[in-house]
Amino acid sequence: MRARELGDAAIVEGDTDTVLASADVALTASGTATVQAALHDTPMVIVYRVSPLSYRLLRRLVTVETIGMVNLIAGERNCARAGTGGLHRDAVAREAIAMLTDASRAAAIRAGLATVRARLGGPGASRRAGASVMRVLQTASTTSELKAR
């Protein structure tokens, strides 16, 4: 882990879990980082960058109402997203400040993040996935044996 002090702030590299666990709000890239923030119950503004042309094309092709893995898992827009066609720099700052200063807003976001964690399930995802695969294989094997008779 590397940390640099910047007055009242610090830049920490290589210790994402500690940073997210201690953060009141995060500005995070779209993708699995949003799930990692959700696991730490950290409200976030999701940022992404695409070219204006890609954004215009994708808006016509993509039918989801929300962007960001945590929003997709929750089935609703809990965390704001920022990027081309969405929020811009000033709006990102306003959104983050709102999460820091409006307790009811932060609580609503955390409730949505709790939904995400519940849908993901607790520790042991690999074990549960393996058990599901084994059930499918056993069902397929039983079905094949019955057809062979």
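Everything in this summary refers to the structure shown in the same document. (Residues numbered from 1 in each chain as written. Predicted model: local features only at pLDDT ≥ 70, side-chain atom pairs only at ≥ 80, totals over all residues. Heavy atoms only, no water.)

**A short note on the packing of helix 5 (residues 89-101) against helix 6 (residues 103-120)**
Then, number 1: The geometry of helix 5 relative to helix 6 is characterised by a closest axis approach of 5 Å and an angle of 95° between their N-to-C directions. Viewed along their axes, helix 5 and helix 6 adopt a mutual orientation that is roughly perpendicular. Mapping the contact onto sequence places Glu95, Ala98, Met99 and Thr101 in helix 5 and Ala103, Arg105, Ala106 and Ile109 in helix 6.
Then, number 2: For the contact of helix 5 with helix 6, a count of residues per class yields 5 nonpolar, 1 polar and 2 charged. (Axes fitted to C-alpha atoms, helices over the stretch in contact; angles between N-to-C directions. Helix = DSSP H or I, 4+ residues; strand = E, 2+ residues; numbered from the N terminus. Parallel < 35°, antiparallel > 145°, perpendicular 65-115°, else oblique. Contact = heavy atoms within 4.5 Å. Nonpolar A, V, L, I, M, F, W, Y, C, P; charged D, E, K, R; others polar.)

**What to know about the pairing of strand 4 (residues 44-47)**
Then, number 1: Sheet topology places strand 3 (residues 26-29) next to strand 4; 4 bridges connect them, and they run parallel. Following the sheet pairing, Thr28 is matched in strand 4 by Ile46.
Then, number 2: In this view, the connection linking strand 3 to its parallel neighbour strand 4 by way of helix 2 (residues 32-39) has right-handed handedness. (Pairing = 2+ DSSP bridges. Right-handed = clockwise from strand over helix to strand, strands pointing away.)

**Here's the deal with the packing of helix 2 against helix 6**
Helix packing geometry: the angle between the two helix axes and the distance between the axes.
Then, number 1: Running from N to C, helix 2 and helix 6 point in directions that differ by 100°, and their axes come no closer than 9 Å. Judged on the interaxial angle alone, helix 6 and helix 2 are roughly perpendicular. Together, Val35, Ala38 and Leu39 of helix 2 and Leu113, Val116, Arg117 and Leu120 of helix 6 make up the contact between the two elements.
Then, number 2: Looking at the contact of helix 2 with helix 6 residue by residue, the class counts come to 6 nonpolar, no polar and 1 charged.

**Overview of the nonpolar core**
Then, number 1: Residues Ala38, Met44, Val70, Cys79 and Leu113 are the most contacted members of the largest nonpolar core, which totals 18 residues.
Then, number 2: Elements with a minimum of two residues in this core: helix 2, strand 4, helix 4 (69-74), helix 5 and helix 6.
Then, number 3: Those residues in contact with Ala38 that lie beyond four places of it in its chain are Met44, Val70, Leu113, Val116 and Arg117. (Core = buried A, V, L, I, M, F, W, Y, C linked by side-chain atoms within 4.5 Å. Buried < 20%, exposed > 50% of the residue type's maximum accessible area, 1.4 Å probe, protein only.)

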